[in-house]
Amino acid sequence: MPGVVVLALSRCHETAPVGGPSGQIAYLNAVAELATTLTAHELLSALQTIEARFGRERDVRWGPRTLDLDLLIFGEVVANEPELELPHPRMTERRFVLEPLAEIAPELIEPVSGLSIAELLSHLKLQNSRDTS
């Protein structure tokens, strides 16, 4: 993609679906760190174009999909617009996002909380262990 360079990739994590219709198969989740000359809106549009090329249809929220490319963090940008929310609004609640992100950028600061990705993952693991005890 012009204007985009991949700097790092996490390994793939196979996880059960979160939310959405029952009976969905497991998902593969990974995270990439990018350098780009695009704006956040331009990058999101490019990601959605790639999804469409792979047959992505947005029929059912959290439903089965061929590809789901999310923009998690864009530097220190905080946006709450209908078409763009940054950082991703549920990333801090999702282990399947934080684990691969922590592999490639554990010290990255999530701009709303001011916490590193490693700290957010640690908090989530602690919270989950309390919820299951």
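Heads up: the structure comes first, above all this text.
Residues numbered from 1 in each chain as written. Predicted model: local features only at pLDDT ≥ 70, side-chain atom pairs only at ≥ 80, totals over all residues. Heavy atoms only, no water.

Undergrad: Could you give an account of the overall build of the protein, with specific residues and numbers?
TA: Across its full length, the protein carries three helices and six strands. Ordered by position in the sequence, the α and β elements of the protein form the string β-β-β-β-α-β-β-α-α. Classification of the 133 residues of the protein by burial places 30% in the buried group. For the protein, contacts bridging at least 24 residues in sequence account for 55% of all contacts bridging at least 6. (Helix = DSSP H or I, 4+ residues; strand = E, 2+ residues; numbered from the N terminus. Buried < 20%, exposed > 50% of the residue type's maximum accessible area, 1.4 Å probe, protein only. Contact = heavy atoms within 4.5 Å.)

Undergrad: Could you give an account of the side chain of histidine 13, naming the residues involved and the relevant values?
TA: Mapped onto the elements, histidine 13 comes out in strand S2 (residues 13-15). A distance of 2.5 Å separates a polar atom in the side chain of histidine 13 from a polar atom in the side chain of glutamate 103. Setting aside anything within four residues of it in sequence, one finds histidine 13 in contact with Tyr27, Leu28, Asn29, Glu99, Pro100 and Glu103. (Polar contact = N/O pair within 3.5 Å; in protein donor to acceptor, adjacent residues only side chain to side chain.)

Undergrad: So what about the environment of leucine 98? Which residues, and what values?
TA: Locating leucine 98 in the fold gives a position in helix H2 (residues 95-104). Linking leucine 98 and glycine 114, residues 16 residues apart in sequence, is a C-alpha distance of 15 Å. If we ignore the near neighbours within four places in the chain, the residues touching leucine 98 are Met91, Thr92, Ile117, Leu120, Leu121 and Leu124.

Undergrad: So, the pattern of salt bridges: which residues are in play, and what are the values?
TA: Enumeration according to the criterion identifies two salt bridges in this entry. For arginine 11, the salt bridge goes to glutamate 103, with nearest N and O atoms at 3.2 Å. Placement of the pair is arginine 11 in the loop between strand S1 (4-9) and S2 and glutamate 103 in helix H2, with a sequence separation of 92 residues. In this structure glutamate 103 comes out as partly exposed when scored by relative accessible area, which is 37%. (Salt bridge = Lys/Arg side-chain N within 4 Å of Asp/Glu carboxyl O.)

Undergrad: Would you mind going over the side chain of histidine 88 in detail, with residue names and values included?
TA: In this structure, histidine 88 sits in the loop between strand S6 (85-86) and H2. Filtering out sequence-adjacent residues up to four positions away, histidine 88 remains in contact with Asp70, Leu71, Leu72 and Arg94.

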